[in-house]
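Summary of structural features
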Amino acid sequence: MMKASTQHEHMSAAGRDLDEAEVLRVENLAAHLHTGGGVVRAVDGVSFSLRKGETLCIVGESGCGKSMTALAILGLLPRPAGRIVSGRVVLAGVGDLAMLSAEAMRKVRGRSISMVFQEPMTSLNPVFRIGWQISEAILMHEAIGREAARARAIAMLELVGIPSPETRYDAYPHQLSGGMRQRVMIAIALACQPQVMLADEPTTALDVTIQAQILRLMNRLKTETGSSLLLITHDLGVVAQMATRVCVMYAGVIVEEADVGALFARPLHPYTRGLLAAIPTSRSGGARGKLSTIAGMVPNLARLEPGCRFAARCPDVHDRCRMAEPPLAAPEGAGEGGRGVRCWLHLSAGPVAPALEAAP
Amino acid sequence: MASYILRRLLLTLPVLAGIVLITFLLARLSGDPTDLLLPPNATDEAREAFRSVNGLDRPLWEQFVTFAIKAVTGDFGTSLRFEQPAMQLVLDRLPATAELAAATMVIALSIGIPAGVIAATQRGHMADGLIRAIMLLGQAVPSFFLGVLGIIVFATWLRWLPTGGRGDWSQLVLPATTLAFNLVALIARVTRSCMLDVLKQDYVRTARAKGVWESRVIWLHALRNAFIPVLTVIGLQVGLLLGGVVVTETIFSWPGVGRLAIQAIYARDFPVVQAVVFVFAVIFVLVNLVVDLLYALLDPRIGYR
Ligand SMILES: Nc1ncnc2c1ncn2[C@@H]1O[C@H](COP(=O)(O)OP(=O)(O)OP(=O)(O)O)[C@@H](O)[C@H]1O
Ligand SMILES: [Mg+2]
């Protein structure tokens, strides 16, 4: 059974190589943002593994560190505030991205691992033609001529479903709708056929019909190009439609990890249960049509209290939850493979041997 | 695009009419032009004769119409000092001024833009602090002071450069640098702040995510956007630049329109002053038109409508 991250990560960290089926493994990644108001621990020890052809969804509330996780993987944390403070980002065939030089990392970006952003309206450069922007992505990584790059870019435009790609090649971003621009972004991201595509809430800014189109497009292209997809979202509907595996993120850490079916059928972490209860057509048996919300707010990532990060909002909070933070580990009596939860309720030991992977 | 230019040119016609009116009023504001144009000891008969010859005894509106018709054909009368057509004098000096302005612009852009970009990318570091200090100096020190300082240091002490005149390039260096100094400071400051803004934009992150070299991200993706507002600011400075031309040309005996203007004012050579004012105003309008056209060329979101 492949158990990629969870409690085995320390053992596997010793060996540099990934499992055969893995393309990307993030181990204990921590990224901090140094701001005027203190150090924001936006990513605070995140581990997960992405397998070939898989769609891994990271889901969580606004501000829990989803975007920063993706940006840290790509080495694009906001400057000069952001820094990776610990952890590894191992990409198949490349090695630990966090250790790469700036130039080596540049070569990886766009070629082996690429990203689609949340804001299609502002993510394309307004003064360059869209075709040029796609061609550039190809020319940066491949020793081919301008004409060949142009032909590839037109083929990409066609692939992402943009009508009359030959003419649209010369269009400027402002001449396209949000949905079309996001298609262009996807074309850029896939132009070099990367192993991994990161998509940070790619449909949040789009209206519902366009959203569905874009998601279907990404699903299709993922299969056609053989890339793996790391999809960030706060929408459990998107998770249900797209994911093979799910990581639920809360306040800078992953609180639950499971195959998509298992997560919806039997959510373990109180936060996950809260999220599921908060969607109108919940698939979880417990919701019974009644719409609820999770009370309270995400804690300030610059001033985290000791103990479980969800304690202040948790309906099932115990004393031990405030004493020590639970590790992300396989739940007691878990049948399903690769399942992990960060909650004392589901761990046998109690807070005696806390936080296996908590960084010092 | 051609029709856009034509429309813009047509739109400048009312502006030009206004310029003609102002130029006309210049001669009237200070009272009877006879006092300005004739020596103080002229006889009453001479004054009368002058008035009727120049139509100054006609109603004001009629004088304006006559003036306007002549002005449009470039006839501003004859220079009292040089006894040549006033407009011809100005046009003869125009190439020298154009040369100085072009050299100034080249210096200002080739120093100001890189300085601003480097300050923005090195924000908070030493290079940024140094550039900002120089920029502050450049904005605070008036160009005439710099000009005189330049002459003392480089012409009188070091004898590297001539003190003035026009001929080979060495004579262009001091006046152009002097004139460029304030402009460099301004361009660098605006470039810096625009770059800081652009570098925060999502499309810069996209470029990096594509694996574009950092230098290309900054000098192509970011600067291409940041230059658009910089251009606007440069356009707004044309008036100040023309003022600087007058001072700088005088300090360095540069035989341009600005120096001619000062000479004409001192010599009470009113036709020439009017011609200079008119030409400067037309240049101002034309430069703004060119800036607008460039603006539309650089920013595809602005159509030629
Ligand atoms: N440039 C920045 N400087 C300082 N702090 C930041 C910056 N960007 C984000 N943060 C903080 O980092 C934390 C994580 O932000 P992140 O953008 O990763 O959240 P997210 O999960 O992607 O949220 P959303 O769903 O709103 O996109 C937040 O608490 C946020 O306030
Ligand atoms: Mg985000």
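Our subject is the structure that appears above.
Predicted model only: the values in this text are computed from it and were never measured. (Residues numbered from 1 in each chain as written. Chains lettered and ligands numbered in written order. Predicted model: local features only at pLDDT ≥ 70, side-chain atom pairs only at ≥ 80, totals over all residues. Heavy atoms only, no water.)

1. Overview of the pattern of salt bridges
All chains considered together, the criterion is met by 26 salt bridges over all chains. Among the salt bridges present, the one from Lys-210 of chain B reaches Glu-136 of chain A, with a minimum N-O distance of 2.8 Å. Here Glu-136 of chain A lies in helix α4 (residues 130–139) and Lys-210 of chain B lies in the loop between α9 (202–209) and α10 (214–236), a pairing that spans two chains. Taken individually, Lys-210 of chain B and Glu-136 of chain A each receive the classification buried, so the pair is uniform in this respect. Residue Arg-192 of chain B pairs with Asp-128 of chain B through a salt bridge whose shortest N-O separation is 2.9 Å. With a gap of 64 residues between them, Arg-192 of chain B in helix α8 (residues 170–198) and Asp-128 of chain B in helix α6 (residues 126–140) connect regions that are remote in the sequence. Judged by relative accessible area, Asp-128 of chain B falls into the buried class, the value being 1%. (Salt bridge = Lys/Arg side-chain N within 4 Å of Asp/Glu carboxyl O. Helix = DSSP H or I, 4+ residues; strand = E, 2+ residues; numbered from the N terminus. Buried < 20%, exposed > 50% of the residue type's maximum accessible area, 1.4 Å probe, protein only.)

2. Looking at the side chain of Ser-47 of chain A
Residue and element names in this part refer to chain A. Residue position: Ser-47 is located in strand β2 (residues 38–51). Ser-47 sits in the buried class, given a relative accessible area of 4%. Of note is the side chain of Ser-47, whose polar atom sits 2.7 Å from the backbone nitrogen of Asn-28. (Polar contact = N/O pair within 3.5 Å; in protein donor to acceptor, adjacent residues only side chain to side chain.)

3. Structural notes on the site of ligand 1
Residues and elements named next belong to chain A. In the vicinity of ligand 1, 16 residues are found, and the nearest of them are Ser-62, Gly-63, Ser-67, Met-68 and Glu-201. One of the backbone nitrogen or oxygen atoms of Lys-66 is found 2.9 Å away from an oxygen atom of ligand 1. Among the secondary structure elements, those contributing two or more residues to the shell around ligand 1 are β1 (22–35), β2 and α2 (66–74). When residues in the shell around ligand 1 are grouped by element, the largest group, three residues, is from α2. Classifying every residue of the shell around ligand 1 gives seven nonpolar, six polar and three charged. (Near = heavy atom within 4 Å. Nonpolar A, V, L, I, M, F, W, Y, C, P; charged D, E, K, R; others polar.)

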